[in-house]
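Chains, contacts and geometry: an overview
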Amino acid sequence: MANRTYKMMGDARSSTEALNVVLTIGGAEVYNGSVTAANTAYDGTSDNITELFTFELDDSTTGDTAWSCAVTGPVDGVLVLQYIWCNMVEPDVTIATSWFKSASHFSGNYDDSEKAWIVDEIPTAEEQAHIATNLPGLDSAILTRLNAGNSTRSPDGDAILDENMLATKNADTYYPLWAGATSLPWVSTDDNFFKSEQVATTRDSVQVDGEDYALGAGEWPPVFAGTTLTMTQELTPPTVTWNAKGSE
């Protein structure tokens, strides 16, 4: 199994511009270190969202997980846990997405209503041969058309995009795993070539020092220095698909 890296986004405030955080998930310590904090007083709002820290878990981790987050620092210190991003979501590819975007069949036009890049034309004969050489697992009829230089967007475009995706996952690109109770219908971090569907939507059983903390709509739990936050956090990673129209 491989490890998935998570970016914990949020807000940190402290007059000393630093807090110490110990985070355990499922009883295992995943982060123990300092967090850079803004030297401004916490007024109940969080508008200074930054990457607080990163941690790793086995990429098989999914579903509800038990969290404990202990914060130490000056009396005015506070940590607000907000969005969670993770990698190992976007598939690796055989032919780089940059090639598809620069090839003549890929217009680079962005359709805002569809949140998708538009495939205008299948490439030149030379580009079609490049696809056939690098994607030999395509259906034999598609390969024949590609090698003859007469492949067309319909019916070949979608099959080419799908075949280009590998079973392994990309470790360099991050997607939002959790962004609150409302699922994000689409998000992409690769110039909109991929789109993701947020799966994780729950953060429950929130307590601070053993006392229930009722989260309001859109609220993030503040963790003041000297206290410990416990909660159940869903960590099901998002699903990712091509964000391009490969056929009519």
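Values in this document were obtained by computation on a predicted structure and should not be read as measured data. (Residues numbered from 1 in each chain as written. Predicted model: local features only at pLDDT ≥ 70, side-chain atom pairs only at ≥ 80, totals over all residues. Heavy atoms only, no water.)

**Things to note about the side chain of arginine 203**
Definition in use: Helical segments are the DSSP runs of H or I of at least four residues, strand segments are the runs of E of at least two, and each set is numbered from the N terminus. The buried label goes to any residue with under 20% of its type's maximum accessible area, the exposed label to any with over 50%, and the partly exposed label to all in between, with areas taken from a 1.4 Å probe on protein chains only. By the counting rule applied here, Lys and Arg register as positive and Asp and Glu as negative, while His and the ends of each chain are not counted. Counted as salt bridges are all cases of a side-chain nitrogen of Lys or Arg within 4 Å of a carboxyl oxygen of Asp or Glu. Polar contact criterion, stated in full: a pair of N or O atoms within 3.5 Å, where within protein one must be able to donate a hydrogen and the other to accept it, and residues adjacent in sequence count only if both atoms are side-chain atoms. Contacts were defined at the residue level, with two residues in contact if any of their heavy atoms lie within 4.5 Å.
Mapping arginine 203 onto the fold places it in strand 13 (residues 203–208). At 8.7 Å, aspartate 204 is the nearest oppositely charged side chain to arginine 203, a buried residue that forms no salt bridge. Within the local environment of arginine 203, its side chain forms a polar contact with the backbone oxygen of leucine 81, the two atoms lying 3.1 Å apart. A polar atom in the side chain of arginine 203 sits 2.6 Å from the side chain of glutamine 233. Not counting the four nearest positions on each side in its chain, arginine 203 is found in contact with Met8, Leu81, Gln82, Ile84, Trp178, Leu215, Trp220, Pro221, Met231, Thr232 and Gln233.

**Notes on the packing of helix 2 (residues 125–134) against helix 3 (residues 140–148)**
Formally: Fitted lines through C-alpha atoms give the axes, limited to the stretch in contact for helices. The angle between two N-to-C directions lies from 0 to 180 degrees. Put simply, a crossing is left-handed when the front helix is turned counterclockwise from the back one by less than a right angle, and right-handed when it is turned clockwise. Throughout, the ten residues Ala, Val, Leu, Ile, Met, Phe, Trp, Tyr, Cys and Pro are labelled nonpolar, Asp, Glu, Lys and Arg are labelled charged, and all others, Gly among them, are labelled polar.
Between helix 2 and helix 3, whose axes approach to 7 Å, the crossing angle comes to 145°. Every pair of crossing elements has a handedness; the one defined by helix 2 and helix 3 is left-handed. Residue-level contacts link Gln128, Ala129, Ile131 and Ala132 of helix 2 to Leu143, Arg145, Leu146 and Asn147 of helix 3. In terms of residue class, the contact of helix 2 with helix 3 is built from five nonpolar, two polar and one charged.

**So, the sheet that holds strand 5 (residues 64–72)**
The criterion, for reference: DSSP calls a pair of strands paired once it identifies at least 2 bridges connecting them.
Taken in spatial order, the six strands make up an open sheet running 3-2-5-16-13-14, and their pairing is antiparallel. The open sheet has two edge strands, strand 3 (28–36) and strand 14 (211–212), and neither has a second partner. Strand direction decides the pairing type here: strand 2 (residues 18–25) and strand 3, joined by eight bridges, are antiparallel. From the neighbouring strand, leucine 23 faces strand 3, where its bridge partner is tyrosine 31.

**Description of helix 4 (residues 153–164)**
Rules: In this scheme, a helix's expected span is set at 1.5 Å multiplied by one less than its residue total. Throughout, the arc means the angular range of directions from the helix axis out to the C-beta atoms.
Spanning twelve residues, helix 4 covers 15 Å between terminal C-alpha atoms, matching the ideal 16 Å at 1.5 Å per step. All of the buried residues in helix 4 are Arg153, Asp156, Gly157, Ile160, Leu161 and Asn164. The buried residues of helix 4 all sit within an arc of 130° when viewed along its axis, so they share a single face.

**Let's talk about the nonpolar core**
Convention followed: The definition of a nonpolar core used throughout is a set of buried Ala, Val, Leu, Ile, Met, Phe, Trp, Tyr and Cys residues joined through side-chain atoms within 4.5 Å.
Leu23, Phe53, Phe55, Trp67, Leu79 and Leu81 are the most contacted members of the largest nonpolar core, which has 52 residues in total. It is strand 6 (residues 78–86) that provides the largest number of residues to this core, a total of six residues. Not counting the four nearest positions on each side in its chain, phenylalanine 55 is found in contact with Arg4, Thr5, Tyr6, Leu23, Ile25, Val30 and Trp67.

**Some details on the pattern of salt bridges**
A complete count under the given rule lists three salt bridges for this structure. Between lysine 7 and glutamate 51 there is a salt bridge, with the nearest N and O atoms lying 3.9 Å from each other. Taken together, the residues span a long stretch of sequence, with lysine 7 in strand 1 (residues 3–13) and glutamate 51 in strand 4 (residues 50–58) at a distance of 44 residues. The partly exposed category is assigned to lysine 7, whose relative accessible area is 23%. For arginine 145, the salt bridge goes to aspartate 156, with nearest N and O atoms at 2.7 Å. Of this pair, arginine 145 sits in helix 3 while aspartate 156 sits in helix 4; the two residues are eleven residues apart in sequence, bridging distant segments of the chain. Under the relative-accessibility criterion, arginine 145 is labelled partly exposed at 27%.

**So, helix 3**
When helix 3 is considered as a whole, its buried residues turn out to be Ile142, Leu143 and Leu146. What you see down the axis of helix 3 is that its buried residues fit within an arc of 100°, all on one side. Exposed residues pointing more than 90 degrees away from the buried face of helix 3 are listed as Ser140, Thr144 and Ala148. In this structure, the buried residues of helix 3 make contact with helix 2 and helix 4. Near the N-terminus of helix 3, the side chain that reaches the backbone nitrogen of alanine 141, with its oxygen 2.9 Å away, is that of aspartate 139. Immediately beyond the C-terminal end of helix 3, within one or two residues, lies glycine 149, with a positive phi of roughly 75°.

**Points about the packing of aromatic side chains**
By convention here, two paired aromatic rings are described through the distance between centres and the angle between planes. For clarity, the threshold we go by: Between the rings of Phe, Tyr and Trp (Trp by its six-membered ring), a pair exists once the centres lie within 6.5 Å; its type follows the angle of the planes, with under 30 degrees stacked, over 60 edge-to-face, and the other angles tilted.
Throughout the structure, instances matching the rule amount to five aromatic pairs. Between the aromatic rings of tyrosine 31 and phenylalanine 53, the centroid separation amounts to 4.4 Å while the plane-to-plane angle is 15°, which identifies the pairing as stacked. Separated by 22 residues along the polypeptide, tyrosine 31 in strand 3 and phenylalanine 53 in strand 4 bring together distant segments of the chain. Neither residue differs from the other here; tyrosine 31 and phenylalanine 53 are each classed as buried. Ring geometry for phenylalanine 53 and phenylalanine 55: centres 6.4 Å apart, planes at 45°, overall tilted.

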